[in-house]
Amino acid sequence: MSNYLFAMGLTSIIEDIQAFLPIVSDECTIGKHSESISYLIVERKQGNQEKSIHCVDNELGGKENFFFKGWLNDHDKKSISLGAKGFREYCISHEGKTLTSSPLDVEGSFVLAAWDEEKLLIQNDLFSLFPVVYFSTPNLVVASDSLFVLSKIRKSLGLPCTLNKNVVYSRAWTHGLACAVMSDETMVKGINLLTPGSHISVDLKQLDPKRFMMLRPSAVKTIQRNVKSLFTHGNLSYEEALIEGVRQLRGSISAIMQLDNVRVKFGLSGGLDSRLLLALLLKNPKWMNRVEITSSTHPSRSKDLEIVTELAQKFNFEFNNSNQSFDRKEETGISPIRVTNSFGLWVLASMGLFDMMYLYRSYWPSPVVIEMGGHGVEIIKGTFSETQLSTILYRKPRNRYKAISKEIRTALEKLGINSDEESLLQWHHLCFKSTIQNGRFVDRTNLALRPFLNRLLYSLTRSEINPFRQYIDGEPTLLHDIIIMLNSELTAHPFENSKYNITKEYIDGRLEKLGQQNDINEMEPYQVHGSVMDILNGPPETFMAMVSDYNFQGQNQKKATLELLEKQWSNIVGTNLGKIFQSAYDLARTRLEDPDFYPSSAGTPAAKILSFSLLD
């Protein structure tokens with residue numbers, strides 16, 4: 001990601017960080033916390049945007065300051081907040097709890113830093129879609145969504161950026177799970193990642209060196225709660241939890257659909273995941289007027305296109321209609337901002353965190369066009385519930401297997417998941433690959449609709465009351481129950497892959513089993529705080545200036561990546577690291593030299609080696 005920088009610490013160190021930044025402008029906000037402690041915030045600014053720092057009264061009558069970026073979705077309170085202004089309204093409207101004492105366990109995609117005179121708390125959304133990577137010293141804490149930015153700041157302060165040997169083997173592994181970091185440790189020793197259910201707590205009194213203490217404990221602590229305790233469905237039955245989950249899915253979509261000057265882009269395929277979202281949209285015909293539906297026309301997806309065409313005719317909707325395209329938003333006066341350094345944006349957003357090379361050419365300055373997709377649905381399907389590490393990771397060489405196993409086991413133990421836990425890799429996927437991959441939209445927009453990343457439905461997936469707890473490919477899951485409840489006719493229509501087709505007999509049987517209590521049409525509207533115009537997307541120019549050396553505009557993506565790969569490989573070839581990363585290097589060359597290989601995937605193994613540039 002590449003959206004923000006938050007730092008708090010000794011004023012002299014904060015000033016050093018500011019002096020290092022390539023552009024000192026209105027993107028940088030510096031403030032005093034006390035005589036010797038200051039804070040620094042960097043984010044993209046535009047025009048007369050409101051200040052980044054807000055102040056609210058908490059439930060104890062005290063004053064708290066906060067920095068908020070993104071959007072928040074609170075199902076319990078049936079409300080969403082957009083941007084810092086909306087979050088302030090949200091806190092006031094709900095007589096805000098003390099922000100510095102405990103985190104808000106809510107969905108959305110946001111980062112929040114809140115502080116009073118004594119404490120600082122840094123957190124993100126429940127599913128960690130808006131990343132927080134961070135490091136600390138006895139007098140400083142620095143957080144960002146960019147590992148690249150943090151490595152640059154550490155070097156500017158004279159702090160080491162050495163290789164974290166605990167993660168070397170998992171970084172070299174080319175399996176899809178290892179596209180994302182596999183633990184809370186990054187490859188730069190001393191820089192860590194917040195995982196779901198964790199937050200950073202800072203005792204600001206201990207951060208201040210002018211306060212004398214005989215034994216000074218660490219001022220900065222990472223608090224990791226048992227992640228299983230965050231995903232429970234209470235005393236609800238399976239049917240009750242399913243109905244409430246559907247209401248929450250509809251609530252998320254409804255909250256966005258009621259926003260002014262907003263349109264939703266929705267990609268529909270011939271599979272189940274996107275069809276379930278279509279079923280949700282069809283429950284409210286007004287929503288269909290605010291959605292641009294697209295489907296791939298690539299020859300390899302011809303069966304998908306055939307199914308979508310049939311659905312459009314059957315349920316009377318249009319798709320791939322150029323006259324309905326939302327690529328331009330004349331009514332808001334907003335146009336996309338072109339990215340002139342796409343590779344540099346990838347470096348800021350993904351290097352060292354996520355290996356697939358998605359290079360974006362533009363972004364909306366405010367999220368007036370919002371993408372909706374079925375991303376994250378695998379956590380509800382239970383895709384990894386039956387997967388064992390030994391089946392996807394060769395036991396030879398033994399040192400690689402042992403190192404990766406130890407990293408996964410240690411990471412999960414911190415989350416409260418024992419190594420003998422059922423569905424071990426499903427929990428690991430939830431807390432690492434899912435969070436990072438499904439949050440890839442954040443480098444272009446702070447607001448996207450990922451309805452399936454839902455706390456209640458994941459809780460139900462792992463519950464013993466779920467009759468589909470064990471995932472079997474091609475067999476029904478609780479997702480089938482949801483779409484059956486929403487639109488049985490849509491469920492019965494053939495899918496792109498015939499093995500997923502559902503018979504009328506099965507549908508009728510499930511409807512009878514679920515009963516008539518599934519009145520999902522009743523839904524209390526969510527309250528909206530703030531406006532999408534209060535949210536600014538995109539990277540600060542301050543950050544983009546840091547990656548000017550990666551500007552390969554006009555060059556072939558694969559060729560430029562291959563040249564960088566060879567340059568970085570020359571530093572480790574012949575070493576022990578070279579031996580560990582040899583298979584990743586060989587795979588990278590094979591893919592990058594193949595003119596027909598998909599560029600984003602071609603660069604994936606190369607990204608593992610390019611990330612060594614983060615180090616000293």
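Residues numbered from 1 in each chain as written. Predicted model: local features only at pLDDT ≥ 70, side-chain atom pairs only at ≥ 80, totals over all residues. Heavy atoms only, no water.

Enquirer: Even after reading the chapter, I still don't get helix α14 (residues 424-431), so can you show me in this structure?
Expert: Given 3.6 residues per helical turn, the α-helix brings residues three or four places apart onto the same face. Taken across its eight residues, α14 has seven buried, putting it largely inside the fold. Every buried residue of α14 is listed here: Leu425, Gln426, Trp427, His428, His429, Leu430 and Cys431. Looking at the buried positions of α14, the neighbouring elements they touch are α11 (378-381), α12 (389-392), α13 (398-414), α15 (433-438) and α16 (455-462). (Buried < 20%, exposed > 50% of the residue type's maximum accessible area, 1.4 Å probe, protein only. Helix = DSSP H or I, 4+ residues; strand = E, 2+ residues; numbered from the N terminus. Contact = heavy atoms within 4.5 Å.)

Enquirer: Teacher, can you tell me more about the sheet that holds strand β15 (residues 291-294) here?
Expert: Pairing between the strands of a sheet is mediated by backbone hydrogen bonds and can be parallel or antiparallel. If you trace the three strands from one edge of the open sheet to the other, you get β15-β14-β18, paired in parallel fashion. Of all strands in the sheet, those bounded by a partner on one side alone are β15 and β18 (369-372). Between one strand axis and the next, the sheet turns through 25 degrees on average, direction left out of account. Of the pairings in the sheet, the one linking strand β14 (residues 263-267) to β15 comprises four bridges and is parallel in character. From the neighbouring strand, Gly267 faces β15, where its bridge partner is Thr294. Helix α7 (residues 272-282) rests against β14, β15 and β18 of the sheet, and its axis sits at about 145 degrees to β14. (Pairing = 2+ DSSP bridges. Axes fitted to C-alpha atoms, helices over the stretch in contact; angles between N-to-C directions.)

Enquirer: Sorry, what's going on with unusual backbone geometry here?
Expert: Comment: phi is negative for the bulk of residues other than glycine, and the bulk of peptide bonds are trans. The backbone phi angle of Lys78 is positive, close to 50 degrees, even though this residue is not glycine. You can see Lys78 is positioned in the loop between β5 (63-74) and β6 (79-82). For Lys78, a relative accessible area of 27% puts it in the partly exposed group. Even without a glycine there, the phi angle at Asn320 is positive, about 50 degrees. Relative to the helices and strands, Asn320 resides in the loop between α9 (302-315) and β16 (337-338).

Enquirer: I'm lost on the pattern of salt bridges in this one. Help?
Expert: Under the definition given, this model contains 20 salt bridges. With a shortest N-O distance of 3.0 Å, Arg301 and Asp304 are connected by a salt bridge. Judged by relative accessible area, which is 7%, Asp304 ranks as buried. Across the pair Glu371 and Arg444 runs a salt bridge whose closest N-O atoms are separated by 3.3 Å. Of this pair, Glu371 sits in strand β18 while Arg444 is found in the loop between α15 and α16, placing the two residues 73 residues apart along the sequence. Look at Arg444 and you get buried, because its relative accessible area is 14%. Through salt bridges with shared partners, one network takes in Arg171, Asp355 and Lys608. (Salt bridge = Lys/Arg side-chain N within 4 Å of Asp/Glu carboxyl O.)

Enquirer: What exactly am I supposed to notice about helix α10 (residues 342-350) here?
Expert: The buried count for α10 comes to nine of nine residues, which makes it a mostly enclosed element. Taken residue by residue, α10 has Ser342, Phe343, Gly344, Leu345, Trp346, Val347, Leu348, Ala349 and Ser350 as its buried positions. Phi for Gly352, located one or two positions after α10, is positive at around 85 degrees.

Enquirer: Looking at this model, I keep getting lost on the pairing of strand β9 (residues 133-137). Mind explaining?
Expert: Every regular strand shows the same layout, with side chains that alternate between the two sheet faces. For β9 and strand β11 (residues 192-193), the ladder comprises two bridges, and the chain directions are antiparallel. Counted as the bridge partner of Tyr134 is Asn192 from β11. When β9 meets strand β10 (residues 140-144), the two strands line up antiparallel, connected through five bridges. Following the sheet pairing, Val133 is matched in β10 by Ser144. The loop that links β9 with its antiparallel partner β10 comprises two residues.

Enquirer: Help me understand the packing of helix α6 (residues 238-257) against α16, please; the structure alone is not making it clear to me.
Expert: Any two packed helices are characterised by how steeply their axes cross, that is the angle between the axes, and by the distance between the axes. Two elements in contact, α6 and α16, have axes whose closest approach is 8 Å; the angle formed by their N-to-C orientations is 150 degrees. Between α6 and α16, the interaxial angle falls into the category roughly antiparallel. α6 and α16 meet at a crossing whose hand is left-handed. Contacts from Tyr238, Ala241, Leu242, Glu244, Gly245, Gln248 and Leu249 in α6 reach Leu456, Leu457 and Leu460 in α16. Considered class by class, the residues forming the contact of α6 with α16 number seven nonpolar, two polar and one charged. (Parallel < 35°, antiparallel > 145°, perpendicular 65-115°, else oblique. Left-handed = near helix turned anticlockwise from the far one by under 90°. Nonpolar A, V, L, I, M, F, W, Y, C, P; charged D, E, K, R; others polar.)

Enquirer: What's the story with the pairing of strand β3 (residues 37-43) in this structure? I'm lost.
Expert: Taking burial as the measure, the seven residues of β3 include seven buried ones, the bulk of the element. In the sheet, strand β1 (residues 4-10) pairs with β3 via seven bridges, with the strands oriented antiparallel. Following the sheet pairing, Phe6 is matched in β3 by Ile41. Linkage of strand β2 (residues 28-32) to β3, two consecutive antiparallel strands, is achieved through a turn of four residues.

Enquirer: Explanation requested: the nonpolar core in the structure shown.
Expert: Core analysis: the biggest nonpolar cluster contains 186 residues, and Leu5, Trp115, Leu120 and Ile256 have the highest contact counts within it. The greatest single-element share of this core, amounting to ten residues, is contributed by α6. Here Leu5 is in contact with Ile17, Leu40, Ile41, Val42, Val142, Ala143, Ser144, Val149, Leu150, Ile153 and Phe543, once residues within four sequence places are set aside. Residues Phe66, Ala84, Cys91 and Phe110 belong to the second largest nonpolar core, which totals 14 residues. (Core = buried A, V, L, I, M, F, W, Y, C linked by side-chain atoms within 4.5 Å.)

Nothing here speaks to function; it is all geometry.
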